[in-house]
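This is what each chain is made of:
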Amino acid sequence: ALVKEALQQRIDLRSAELYTNYADWNIKKYKSGYLPQVSLFGGIYNNGAYFNTLSVNGVSAQPVTQEAVPNQLYKNTYGLVGINASWNIFDKYYTKSGVAMAKILADNARIDLQDTAISISSTVKLAYNDYVNAVQQMETVDKGYTAAQKAFEAVTARYKEGATDFITAANAQLVLLQASQNKAQASVNMMLQKKVIDYYTGVKQ
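Report on the accompanying structure. (Residues numbered from 1 in each chain as written. Predicted model: local features only at pLDDT ≥ 70, side-chain atom pairs only at ≥ 80, totals over all residues. Heavy atoms only, no water.)

Here the focus is the overall build of the protein chain. On a plain count of helices and strands, the protein chain comes out with five helices and four strands. The C-alpha atoms of the protein chain give 42 Å as radius of gyration, which overshoots the globular expectation for 205 residues (17 Å, by more than 25%). Expressed as lengths along the three principal axes of its C-alpha atoms, the size of the protein chain is roughly 140 × 50 × 30 Å. Sorting the 205 residues of the protein chain into buried and exposed places 19% on the buried side. (Helix = DSSP H or I, 4+ residues; strand = E, 2+ residues; numbered from the N terminus. Rg over C-alpha atoms; globule rule 2.2 N^0.38 Å. Buried < 20%, exposed > 50% of the residue type's maximum accessible area, 1.4 Å probe, protein only.)

Relative to each other, helix H4 (residues 94-160) and helix H5 (residues 166-200) sit at 160°, their axes nearing to 7 Å. What the angle tells us is that H4 and H5 run roughly antiparallel. Taken as a pair, H4 and H5 cross one another with a handedness that is left-handed. Grouping the constituent residues of the contact of H4 with H5 by class yields 25 nonpolar, 11 polar and four charged. (Axes fitted to C-alpha atoms, helices over the stretch in contact; angles between N-to-C directions. Parallel < 35°, antiparallel > 145°, perpendicular 65-115°, else oblique. Left-handed = near helix turned anticlockwise from the far one by under 90°. Nonpolar A, V, L, I, M, F, W, Y, C, P; charged D, E, K, R; others polar.)

The next thing to look at is the packing of aromatic side chains. The full count for this structure, using the stated rule, is four aromatic pairs. Seen from their ring centres, Tyr 19 and Tyr 22 are 5.9 Å apart, and the 40° between their planes marks the pair as tilted. Here Tyr 19 pairs with Tyr 22, and both are found in helix H2 (residues 11-31), just three residues apart, close to one helical turn. Using a relative accessible area of 43% as the deciding quantity, one classes Tyr 19 as partly exposed. (Phe/Tyr/Trp six-rings, centres within 6.5 Å; stacked < 30°, edge-to-face > 60°.)

All right, on to the environment of Ser 32 then. Its place among the elements puts Ser 32 in the loop between H2 and strand S1 (37-45). On the accessibility criterion, Ser 32 (36% relative accessible area) is partly exposed. In this structure the C-alpha to C-alpha distance between Ser 32 and Val 99, which are 67 residues apart in sequence, comes to 9.5 Å. A distance of 2.4 Å separates a polar atom in the side chain of Ser 32 from the backbone oxygen of Lys 29. (Polar contact = N/O pair within 3.5 Å; in protein donor to acceptor, adjacent residues only side chain to side chain.)

Moving on to unusual backbone geometry. In this structure, Asn 57 takes a positive phi of about 55° despite not being glycine. Residue placement: Asn 57 occurs in the loop between strand S2 (55-56) and strand S3 (59-60). Of note in this structure, Lys 92 is not a glycine but carries a positive phi near 55°. Mapped onto the elements of the fold, Lys 92 is located in the loop between strand S4 (78-86) and H4.

Okay, the pattern of salt bridges next. With the rule as written, the count across this model stands at seven salt bridges. Note that Arg 110 is salt-bridged to Asp 24, the shortest N-O span being 2.8 Å. With Arg 110 in helix H4 and Asp 24 in helix H2, this residue pair connects regions lying 86 residues apart in the sequence. By relative accessible area, Arg 110 is classed as partly exposed at 32%. A residue is classified by how much of its surface remains accessible, and Asp 24, at 27% relative accessible area, is partly exposed. (Salt bridge = Lys/Arg side-chain N within 4 Å of Asp/Glu carboxyl O.)

Here the focus is the environment of Asn 108. Considering the arrangement of structural elements, one finds Asn 108 in helix H4. The exposure class of Asn 108 is partly exposed, given its relative accessible area of 38%. Separated by 88 residues in the primary sequence, Asn 108 and Thr 20 have C-alpha atoms spaced 8.6 Å apart.

With that settled, the discussion passes to the nonpolar core. In terms of nonpolar packing, the biggest core is built from six residues, these being Ala 6, Leu 13, Ala 16, Leu 113, Ile 120 and Val 124. Among the elements of the structure, H2 and H4 are those that each provide at least two residues to this core. Ranked by residues supplied to this core, first place goes to H4 with three residues. Excluding residues that lie within four positions of it along the chain, Ala 16 makes contacts with Leu 113 and Thr 116. Counting residues in each nonpolar core, the second largest holds five residues, with Ile 27, Ala 102, Ala 106 and Ala 109 among its members. (Core = buried A, V, L, I, M, F, W, Y, C linked by side-chain atoms within 4.5 Å. Contact = heavy atoms within 4.5 Å.)

So this is what it looks like as structure tokens:
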């Protein structure tokens, strides 16, 4: 379940998948060089003019009447549409070599994708095993702490009654302190191992 979650959430795997898709599209792009290219173009053109003054060789040549500019533009508008078609048959193997290179890059991308998935799976399994070991260690240390605490309580009671000496009581206290430290360290280690699992599964913090 953790491996499946990691394969769904890891950003590096998503990135590898996107790059693989890009590499596959790159093959199609280079293969398009085998096909003819068709382009369509078009445009609309018009012109018009309105003279406030017009002189030719110093003599006024302004027309008596002038048509409104909108009417001129409407009447003098024309369009142009064209289609271009080209087919580059002899390209000195540029298209063929481009397709071959794109296929190599696509194969490498798929290999990288598989390697990333395998790496994610192995690291998650390893992190899970480490966490299980940390939990087992925590259980063992907790039992040791409980035993040390009971022993300390028993020795302390006997010491108060004068049934044992100070050295025995001090040793029991030292054993309890060491067991307490071991328990704290095991607890911290277990929490860290849990964080490691979250990291390798891509859980957002």
